[in-house]
Amino acid sequence: MSKEIFEQPEVLANTLEGRLASLSILRASFGENALQMFGQIKQIQIVACGTSYHAGLVAKCWIEKFANLPVDVQFASEISSKEAYISKFDLVLAVTQSGETYDTLQSVKLAKKAGARVFTITNVKDSAITKISDYVFYTKCGFEIGVASTKCFTSQLGALLLLSIYLSTARNMLNKEKRKEVLNNLRKIPDYMENYLTNNLEKIKRIAKKYYRTKSMLFLGKGYNFPIALEAALKLKEISYIYAEGYASGEMKHGPIALIDKKMPTVVIAPNDNNNKKIMSNAQEINAREGKIILLTPESSNELANHTISIPDHIEDYLLPFITILPLQLLSYYIALFKGNDIDQPRNLAKTVTVE
Ligand code: M6R
């Protein structure tokens with residue numbers, strides 16, 4: 001897992017390679033028909049499980065922002081077990097590392113039956129889901145061995161942001177300059193990730209050492225970082241067996257705040273964006289109840305925080321998920337390591353879930 005965490009800058013660069021010039025790539029990869037179809041669809045339904053579902057939640061923010069299309073993100077297990085409402089005017093976007101997950105496969109079959117087009121983002125060539133999809137976009141992230149997905153997640157994010165830009169291009173929603181700016185910013189992300197991983201490791205190890213005996217942990221985020229809070233909680237659960245939950249930070253006061261006491265550590269993702277004031281007021285409420293706060297912040301220190309983990313403030317808010325996930329993957333990794341767990345083969349889990 002550690003190797004795969006550190007491979008992420010290279011893996012993201014692979015995912016993006018040769019795919020950053022949107023219109024020509026769109027035509028070459030999917031044909032003129034796709035260009036037309038992308039221009040006409042009315043809504044997108046994303047279906048996925050686990051980590052891929054969290055990547056789908058980030059994609060919802062991107063597609064709504066850049067392509068101005070409504071997006072619904074659903075657990076594939078929910079779609080496949082009910083009379084799902086899928087219309088032939090929808091584009092169903094299946095996100096799946098393996099391309100073999102049972103529930104995702106079933107929901108794609110349902111979508112096809114309803115006459116919808118299916119676009120699949122996957123890492124595995126000729127996997128079952130690719131065979132019944134109309135369009136396939138490979139993440140090209142190489143073989144992932146760790147059961148807890150890391151590099152496949154960031155490569156899914158890369159592919160999904162590209163798709164958001166392709167959709168916005170086909171729908172004339174971004175002018176050429178803005179599109180160029182977004183793609184240029186995205187091009188720089190692998191280098192930022194590389195720097196981040198080299199410069200922040202020791203501090204994260206120290207924090208992990210302090211908290212590896214905790215019984216539970218909360219993760220809060222807002223906007224683009226709400227799905228990152230969910231993904232961080234899933235990573236911690238999977239490999240450390242510590243009970244963890246991710247929440248939209250604004251939801252704290254609607255219930256979870258009852259959990260806060262001296263023993264409860266909460267990771268708060270607080271970038272310097274439009275949401276900062278609101279997130280810091282949630283941190284204030286935790287601090288007032290003597291909860292421990294691990295704050296992801298561009299500031300070097302903060303009076304509310306017991307620990308700070310630095311995040312950059314020069315990166316656009318929509319690109320931050322590529323960075324904010326890194327310290328949280330490392331935190332889970334080191335907590336599990338200090339507990340002496342078998343990190344690559346966590347108990348009760350399989351890499352690919354091909355059963356219902
Ligand atoms: O292969 P898929 O992306 O369809 O797999 C979905 C989930 O089973 C997977 O993401 C799972 O949650 C991982 N163990 C997460 O680390």
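These notes cover the structure that comes with them. Since the model is a prediction, treat every value here as computed from it, not as a measurement.

**What to know about the side chain of Thr-154**
Mapped onto the fold, Thr-154 is located in helix H8 (residues 151–170). A relative accessible area of 0% means that Thr-154 is categorised as buried. Within polar-contact distance, the side chain of Thr-154 engages the backbone oxygen of Lys-151 at 3.2 Å.

**As for the site of the ligand**
The environment of the ligand is formed by 13 residues, the closest being Ser-52, Gln-97, Ser-98, Thr-101 and Glu-238. Note that a nitrogen atom of the ligand is positioned 3.2 Å from one of the backbone N or O atoms of Val-147. Here the ligand has 410 Å² of accessible area as a free molecule, and 91% of this is covered by the chains. Secondary structure elements with two or more residues in the shell around the ligand: helix H4 (50–66) and helix H10 (226–240). No other element matches H4, which puts 3 residues into the shell around the ligand.

**A short note on the packing of aromatic side chains**
This model, assessed by the stated rule, comprises 11 aromatic pairs. When the centroid spacing of 3.8 Å and the interplanar angle of 25 degrees are considered together, the rings of Tyr-53 and Phe-75 count as stacked. With Tyr-53 in helix H4 and Phe-75 in strand E2 (residues 71–75), the pair connects residues that are 22 residues apart, well separated along the chain. Ring plane angle 90 degrees and centroid distance 5.3 Å describe the contact between Phe-66 and Tyr-318, whose orientation is recorded as edge-to-face. In this pair, Phe-66 is assigned in helix H4 and Tyr-318 in the loop between strand E10 (307–310) and helix H12 (321–339), connecting sequence segments 252 residues apart. On the basis of relative accessible area, Phe-66 is assigned to the buried category, the value being 3%. Here Tyr-318 falls in the buried class, since its relative accessible area comes to 3%.

The rules behind these values
- Residues numbered from 1 in each chain as written.
- Predicted model: local features only at pLDDT ≥ 70, side-chain atom pairs only at ≥ 80, totals over all residues.
- Heavy atoms only, no water.
- Helix = DSSP H or I, 4+ residues; strand = E, 2+ residues; numbered from the N terminus.
- Buried < 20%, exposed > 50% of the residue type's maximum accessible area, 1.4 Å probe, protein only.
- Polar contact = N/O pair within 3.5 Å; in protein donor to acceptor, adjacent residues only side chain to side chain.
- Near = heavy atom within 4 Å.
- Areas by Shrake-Rupley, 256 points an atom, 1.4 Å probe, with all protein chains shown as cover.
- Phe/Tyr/Trp six-rings, centres within 6.5 Å; stacked < 30°, edge-to-face > 60°.

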